[in-house]
4 protein chains.
Amino acid sequence: MQEDRPVPEPLGVRQARAQRTREAVVAAAAAVFVDQGVQAPIRDIAERAGVGVGTIYRHFPTRADLVTAVYRHQIDTCSALAPRLLAESASPYTALTRWADAFVEFLVTKHGLGAALGSGDPGLENLHGLMLDTLVPACATLLDACTAAGETHPDVTAYTLMRAIGNLCITGPDYDRTDARRMVAALLAGVRRTA
Amino acid sequence: MQEDRPVPEPLGVRQARAQRTREAVVAAAAAVFVDQGVQAPIRDIAERAGVGVGTIYRHFPTRADLVTAVYRHQIDTCSALAPRLLAESASPYTALTRWADAFVEFLVTKHGLGAALGSGDPGLENLHGLMLDTLVPACATLLDACTAAGETHPDVTAYTLMRAIGNLCITGPDYDRTDARRMVAALLAGVRRTA
Amino acid sequence: MQEDRPVPEPLGVRQARAQRTREAVVAAAAAVFVDQGVQAPIRDIAERAGVGVGTIYRHFPTRADLVTAVYRHQIDTCSALAPRLLAESASPYTALTRWADAFVEFLVTKHGLGAALGSGDPGLENLHGLMLDTLVPACATLLDACTAAGETHPDVTAYTLMRAIGNLCITGPDYDRTDARRMVAALLAGVRRTA
Amino acid sequence: MQEDRPVPEPLGVRQARAQRTREAVVAAAAAVFVDQGVQAPIRDIAERAGVGVGTIYRHFPTRADLVTAVYRHQIDTCSALAPRLLAESASPYTALTRWADAFVEFLVTKHGLGAALGSGDPGLENLHGLMLDTLVPACATLLDACTAAGETHPDVTAYTLMRAIGNLCITGPDYDRTDARRMVAALLAGVRRTA
DNA sequence: TATGAATGAGCCTTCATTCAT
DNA sequence: CATGAATGAAGGCTCATTCAT
């Protein structure tokens with residue numbers, strides 16, 4: 001007595017359309033976040049995406065869901081970079097600096113994310129958690145290798161280092177990405193163990 | 001039922017009262033900023049100060065004016081510390097690290113100020129300007145001395161360094177003042193020229 | 001060193017104005033409640049009162065506060081009626097029926113209050129509490145006297161009776177105040193102990 | 001990539017499936033009404049029934065249609081009870097009280113229906129009409145018999161009585177079904193003509 | 001000067017309803 | 001027939017800001 005689904009195939013069509021809508025929302029949100037920061041009104045995002053506010057809420061019940069979606073892909077990419085660099089680089093510390101370069105590049109091109117991470121804003125805990133779950137382990141891989149090789153001080157944790165790098169990437173009119181890069185480089189130089 | 005005006009007060013008395021009101025507002029704002037951050041509702045500050053909201057607007061037309069007033073004294077103190085440390089310390093770099101310690105101490109005890117500085121929030125430009133006008137020269141005094149002594153890289157500007165330190169002092173649940181101190185120390189170690 | 005209040009008298013003027021505003025809001029709310037019920041949009045009430053929504057929220061932080069204010073006076077009046085009727089009437093039961101008449105009259109002229117009382121709507125607990133605190137004791141005075149005189153069944157509580165009367169006063173197109181009065185009369189006849 | 005239509009189903013099969021869907025919706029609605037009242041969101045009902053919201057709108061264009069469908073069967077049962085009780089009972093009044101007991105039982109176990117009936121909510125007129133068309137005649141059968149036997153006051157109409165009973169069955173935290181039963185019994189006692 | 005009542009723009013969120021597939 | 005994504009009107013609530021007294 002099997003249930004024969006009345007509409008088996010057309011579902012894919014609708015799902016595809018919904019997926020496109022979802023992506024349009026994410027793209028619009030990313031753009032608006034650059035302009036206005038992650039606290040931008042939902043309505044602005046909806047308008048930019050050309051959808052109704054209800055559509056945003058359907059796909060992303062909370063603001064944090066949307067923020068997370070916007071940055072997830074890039075966070076994953078950044079995370080996946082760590083083991084690759086570790087394998088390719090001459091030393092763990094070199095890998096760490098290269099990875100930090102990539103992380104900085106990611107942060108400074110995502111205006112507002114750094115501030116979002118540091119804001120402690122409730123409702124952005126998902127994003128915070130995402131960072132913790134993906135980037136911190138990636139960073140830890142590199143840092144542990146450095147520590148094992150005696151290249152860095154052992155009392156610096158991956159989380160603290162990432163948070164510090166994130167903070168250093170909060171740019172503004174008189175402190176641009178070049179400054180951020182230079183300061184991050186200095187920070188890494190500072191944690192290097194002078195053997 | 002005529003209005004019987006009381007004897008008009010001497011001008012000095014009125015001004016003194018206004019000054020006291022102003023100080024009460026600043027004190028209340030400082031307390032509220034610690035609890036709620038610099039974006040706290042004006043009304044909360046007014047209530048804490050025991051004045052009407054209009055009074056706050058009279059004394060501080062913009063929020064930035066209030067934020068600035070709250071931190072001005074401490075900023076001045078911090079600024080005045082620089083030449084003293086330079087005179088007392090064995091080397092310019094030592095003076096710089098000590099001064100940074102004091103600056104970090106100031107920032108991490110002022111919940112939300114670090115974030116305010118880094119937020120790029122329009123309306124907080126006054127505070128930004130205050131930093132520029134007082135702390136940057138103070139920091140520059142030390143940094144220039146370091147550079148002159150060949151202790152630091154010459155391509156690090158006082159403004160950039162201050163901004164970086166400010167960012168590193170944006171604390172949170174998992175990144176406290178101890179972490180901030182350690183990261184600032186690492187940053188300064190990183191800008192030191194290894195002669 | 002006494003604080004001499006700078007503005008002692010004008011306060012009364014403003015307070016009087018605020019009081020008038022408050023009363024205008026209550027009057028508008030009463031009218032709107034008749035038209036739309038107690039769940040009417042706050043904006044509608046504000047428009048009817050000729051004030052901004054903020055003014056409503058200033059005076060009545062919750063909807064229940066407003067509902068309560070609308071009916072408080074009449075509830076108090078109704079409550080105060082009970083001892084008077086008890087003193088004037090030939091028997092406690094007569095007093096009870098007269099008081100019920102007054103209560104019914106109050107309810108049926110306040111379209112929506114009966115439904116509000118019976119709705120169990122959270123947020124209207126204040127009103128419920130007001131009823132409990134003022135009308136139930138008034139009713140109990142009469143009912144206890146009846147019971148003491150052996151005129152009514154002792155297992156009917158004042159609260160239950162009031163609630164029942166309230167329910168019977170939920171009128172509609174085909175069940176008007178005349179019907180409500182008749183049904184309440186029948187109910188009271190039913191609780192009368194046939195000696 | 002041509003659409004390969006499956007063999008078209010016989011009409012009867014499709015209709016049967018539609019009927020099952022309809023019944024699933026009614027069952028889900030009944031359950032949701034108990035939990036949330038008759039104003040529950042349509043989506044909640046659709047989810048509980050495992051269908052899309054569009055399906056509900058197809059079968060029941062208005063909310064009242066759905067409410068009506070949910071209670072129709074029980075209303076019919078209750079209605080059919082009247083002549084049976086009249087035949088079985090010792091007196092018309094006894095039949096009336098027994099029928100009222102059944103009606104009360106129906107109402108108090110259907111959370112929210114009593115309030116729905118008394119709310120005067122436009123859009124629930126269908127339900128109102130259903131009551132009028134089926135229950136009122138049933139009640140009238142009994143009431144007319146009572147009046148003819150001189151057991152009740154002739155000026156109480158069946159509609160008014162039913163409405164009153166319905167109102168008395170609006171229960172809440174402090175007025176439960178036991179109270180409702182007692183009050184209905186009192187009401188009926190009150191309309192009894194003391195010969 | 002100080003007050004604080006009043007204003008209303010603005011944001012959030014829910015949900016009834018439509019319609020293309 | 002069934003689906004459920006999309007829409008957008010509607011209502012709640014907050015708070016910066018003004019201004020008459």
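Residues numbered from 1 in each chain as written. Chains lettered and ligands numbered in written order. Predicted model: local features only at pLDDT ≥ 70, side-chain atom pairs only at ≥ 80, totals over all residues. Heavy atoms only, no water.

Per an unreviewed UniProt entry, chain A goes by TetR/AcrR family transcriptional regulator and derives from Streptomyces parvus.

> Pulling in residues and values, what's your account of the overall build of chain A?
For chain A, the helix and strand inventory stands at nine helices and zero strands. Secondary structure elements of chain A, listed N to C terminal, follow the sequence α-α-α-α-α-α-α-α-α. The contacts of chain A with a sequence gap of at least 6 include a subset with a gap of at least 24, amounting to 66%. Total accessible area on chain A is roughly 9,700 Å²; 53% of this is exposed by carbon and sulfur atoms. (Helix = DSSP H or I, 4+ residues; strand = E, 2+ residues; numbered from the N terminus. Contact = heavy atoms within 4.5 Å. Areas by Shrake-Rupley, 256 points an atom, 1.4 Å probe, with all protein chains shown as cover.)

> So, the protein's contact with DNA strand F: which residues are in play, and what are the values?
Around DNA strand F, a shell composed of 36 residues is seen, among which A:Arg14, A:Thr21, A:Arg58, C:Arg63 and D:Thr55 lie nearest. In the interface set of DNA strand F, defined as its atoms within 4 Å of the protein, sugar plus phosphate atoms amount to 61%. Within the contact set of DNA strand F, a phosphate oxygen lies 3.3 Å away from a side-chain nitrogen or oxygen of D:Thr21. Here D:Thr55 contributes a side-chain N or O atom positioned 2.5 Å from a phosphate oxygen of DNA strand F. (Near = heavy atom within 4 Å. Polar contact = N/O pair within 3.5 Å; in protein donor to acceptor, adjacent residues only side chain to side chain.)

> Now, about the environment of D:Ala24: what can you tell me, with residues and values included?
Position of D:Ala24 relative to the elements: it lies in helix α1 (residues 11–36). Residues D:Ala24 and D:Gly50 lie 26 residues apart in sequence; the distance between their C-alpha atoms is 8.3 Å.

> Provide a residue-level description of the interface of chain A and chain B, including the pertinent values.
In this complex, chain A contributes 24 residues to the contact, which on the side of chain B involves 24 residues. For the chain A and chain B pair, buried surface summed over both sides reaches about 2,000 Å², with 68% attributable to carbon and sulfur atoms. The largest contributions to the chain A side of the interface with chain B come from A:Thr160, A:Asn167 and A:Met183, which together make up 22% of the buried area. The interface formed by chain A and chain B contains zero salt bridges. Of all the elements in the fold, those that place two or more residues in the side of chain A that touches chain B are α8 (158–168) and α9 (177–191) of chain A. Per element, the largest residue contribution to the side of chain A that touches chain B is eight residues, and it comes from α9(A). When the residues that make up the side of chain A that touches chain B are grouped by side-chain class, the tally is twelve nonpolar, seven polar and five charged. (Buried area = accessible area lost by both parts, 1.4 Å probe. Salt bridge = Lys/Arg side-chain N within 4 Å of Asp/Glu carboxyl O. Nonpolar A, V, L, I, M, F, W, Y, C, P; charged D, E, K, R; others polar.)

> Go over the confidence of the model for chain A, please, and point to the residues and values.
For chain A, per-residue confidence averages 86 on the pLDDT scale, and residues scoring 70 or more make up 86% of the total. Scored below 50 in pLDDT, residues 1–5 of chain A makes two contacts in the model with residues more than four places away or belonging to other chains. (pLDDT = per-residue confidence, 0-100.)

> Please set out the relation of the copies chain A and chain B residue by residue, giving values where relevant.
Screw-axis analysis of chain A against chain B gives a translation of 0.1 Å along the axis, an RMSD of 0.5 Å, and a rotation angle of 177 degrees. Expressed as a symmetry operation, the mapping of one chain copy onto the other fits a two-fold axis. The rotation axis passes nearest to the C-alpha of A:Gly190 in chain A, at a distance of 1.7 Å. A share of 100% of interface residues in chain A that are also interface residues in chain B marks the association as one of identical surfaces. (Least-squares fit on C-alpha atoms with pLDDT ≥ 70 in both.)

> Could you give an account of the interface of chain D and chain C, with specific residues and numbers?
Put simply, an interface is often sized by how much accessible area is lost when its parts join up. Contact residues are listed per partner, giving 24 residues for chain D and 24 residues for chain C. Counting every contact that joins chain D to chain C gives zero salt bridges. One can count four residue pairs in polar contact (both at pLDDT 80 or more) joining chain D with chain C. Elements with a contribution of two residues or more to the side of chain D that touches chain C: α8 (158–168) and α9 (177–191) of chain D. Counting residues per element, the side of chain D that touches chain C draws most heavily on α9(D), which supplies eight residues.

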